[in-house]
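Observations on the model geometry
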Amino acid sequence: MSTIRKAYMEISNGIRGLRLHREQAQQTTQAATQKDVQKQSTNGSAVQTTTSQSKMVRSPKPLIARKIRSLFGRSQPTNVRDLFLDERFLCKFFMFFSAEERGKLAQVCKTWKQILYQPKFWINVIPIIACKDLSKREETRRGFYDSLQQRSFDAVCLFGATDGDIADFVNHFSNCKKQIRSISLRCSNISDSGLEVLFKRLSSIYRLEISGCNELTETGLWSCLNPKIVSLSVSDCINVADDTVGAVSQLLPSLYEFNLQAYHVTDAALAFFSAKQSYTLSILRLQSCWEITNHGIVNIVHSLPNLTVLSLSGCSKITDDGVELIAENLRKLRVLDLSWCPRVTDAALEYIACDLNQLEELVLDRCSHVTDIGVGYLSTMTSLLKLFLRWCTQIRDFGLQHMYSMRNLRVLSLAGCSLVSGQGLCGLTQLRQLEELELTNCPSATKEVCLYLKENMTRCLILD
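In this text, all values refer to a predicted model and were calculated from it rather than measured experimentally.

Attention shifts here to the overall build of the protein. When you go through the protein residue by residue, the secondary structure sums to 21 helices and 14 strands. For the protein, buried positions account for 45% of its 464 residues. Working note: accessible area of the protein is about 24,700 Å², and carbon and sulfur atoms make up 52% of it.

Let us look at the packing of aromatic side chains. Tallied over the full model, the rule gives 13 aromatic pairs. When the centroid spacing of 5.9 Å and the interplanar angle of 50 degrees are considered together, the rings of phenylalanine 93 and phenylalanine 94 count as tilted. Residue phenylalanine 93 is classed as buried on the basis of its relative accessible area of 6%. Aromatic rings pair up to connect Phe84, Phe89, Phe93, Phe94, Phe97, Trp112 and Phe121 into one cluster. Sitting over the face of the ring of tryptophan 122, arginine 151 holds its NZ or CZ atom 4.8 Å from the ring centroid.

Strand β5 (residues 231–235) sits mainly inside the fold: five of its five residues count as buried. For the crossover that starts at strand β4 (residues 207–211), traverses helix α12 (residues 218–224) and ends in the parallel β5, the hand is right-handed. Across five bridges, β5 lies against strand β6 (residues 257–261) in parallel orientation. Looking across to β6, one finds that serine 233 is bridged to asparagine 259. Taken together, β5, helix α13 (residues 242–251) and β6 form a β-α-β motif whose crossover is right-handed.

Right, let's get into the confidence of the model for the protein. Taken residue by residue, the protein gives an average pLDDT of 87. The fraction at 70 or more is 84%. Long-range and interchain partners of residues 41–57, a stretch whose pLDDT sits below 50, account for four contacts in this model, where long-range means more than four residues apart.

This next bit is on the packing of helix α9 (residues 163–172) against helix α11 (residues 192–201). Where α9 contacts α11, the two axes come as close as 9 Å, and the packing angle between them is 10 degrees. By the criterion of interaxial angle, the relationship of α9 to α11 is roughly parallel. On α11, the residues that touch Asp163, Ile166, Phe169, Val170 and Asn171 of α9 are Ser193, Gly194, Val197, Leu198 and Arg201. Across the contact of α9 with α11, the residue classes break down as five nonpolar, three polar and two charged.

Conventions used here
- Residues numbered from 1 in each chain as written.
- Predicted model: local features only at pLDDT ≥ 70, side-chain atom pairs only at ≥ 80, totals over all residues.
- Heavy atoms only, no water.
- Helix = DSSP H or I, 4+ residues; strand = E, 2+ residues; numbered from the N terminus.
- Buried < 20%, exposed > 50% of the residue type's maximum accessible area, 1.4 Å probe, protein only.
- Areas by Shrake-Rupley, 256 points an atom, 1.4 Å probe, with all protein chains shown as cover.
- Phe/Tyr/Trp six-rings, centres within 6.5 Å; stacked < 30°, edge-to-face > 60°.
- Lys NZ or Arg CZ within 6 Å of the ring centre and 35° of its normal.
- Right-handed = clockwise from strand over helix to strand, strands pointing away.
- Pairing = 2+ DSSP bridges.
- pLDDT = per-residue confidence, 0-100.
- Contact = heavy atoms within 4.5 Å.
- Axes fitted to C-alpha atoms, helices over the stretch in contact; angles between N-to-C directions.
- Parallel < 35°, antiparallel > 145°, perpendicular 65-115°, else oblique.
- Nonpolar A, V, L, I, M, F, W, Y, C, P; charged D, E, K, R; others polar.

Structure (structure tokens):
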């Protein structure tokens, strides 16, 4: 059901409530009138009956009585205008809108703004501050930062920031020391000194993202990383190399998630991980680290045996031998991403199927050497819930026939698999538990085939 439809239903319910309120008020008035008439009557039996009935009414429980008193003590809206100024109605009504829409609705009037600035409407929302677009007027910037504090944001993204913007942010955001828990720096020209100023004020940060910050050096990370950080993401920073991983391994003993995208990181960097992270680090994503080879995999499996999520997307030098090391030593893996690893073949899938019994998600996008034989190995994995085979161009109908037995599969992507036929795709209706099927750029996914799949897989989202 669309957001507009849900909001319309809420308005209808509110207007229907107004009608019921009016009818109840009329009924109450009529009953009071009749009671007055009975009291004024010369016949005393009517008064006596009313008195006896009132004596028979028992008082409800204290909590229920309190709720009844509070309910009838509130002022009820009597028309549509009052309805759209009623706080109880608006708190439900605004829940049907997105964060961007709520920001626009807050500009309607002061009442709406006061309600929409409550923190409950902004949970899990990260405001992106485009520093170049901020007004140069002091009062305007102060008002903007005050609005962020009123909504109690605990995460902020600074886009295109400089050292001056960092100083301006920490000076105007008076509650940043206690309130901000997560911060992202994207496409910014901040230096090591600017990062140092930021971390001196934001001592409670536990999540940090740095992307496209080419002025930062490894020296700045060595001097600024907070031991409280449990999630760190670094990408597209040209000065990031092996020493960055060394700083992370030495300064962040509680690290739980580490995402790294760097072209110059080598196998030596992965040897820096020690016993400090062996029990805490659970998620490791190494994306487009072109220099990492199977020797780096050896360092990973010995230093980080408790990984549950591992991504080697774009690590093009990883071969089947590296995957064998992963399968034999990282038995707790739930998610494995080998996309854009062109040297991975069916042999690697055999290792995965034999040893990774808890694996729930496997990504093999652009693994051009994967064939139907490898899919046959994967079909024996009962734990597998998500399988991505985008642009695995050697998969044919024989591989799809193996998939028909994967009854627990929830998500399947065959985007770009050009050799599968329409008949093979129609056989996927046997996967009764499937919730999402991606068939984009599949020549055989014609309108007729997709219509057949949609009619016979009513619970599955077909992406064509």
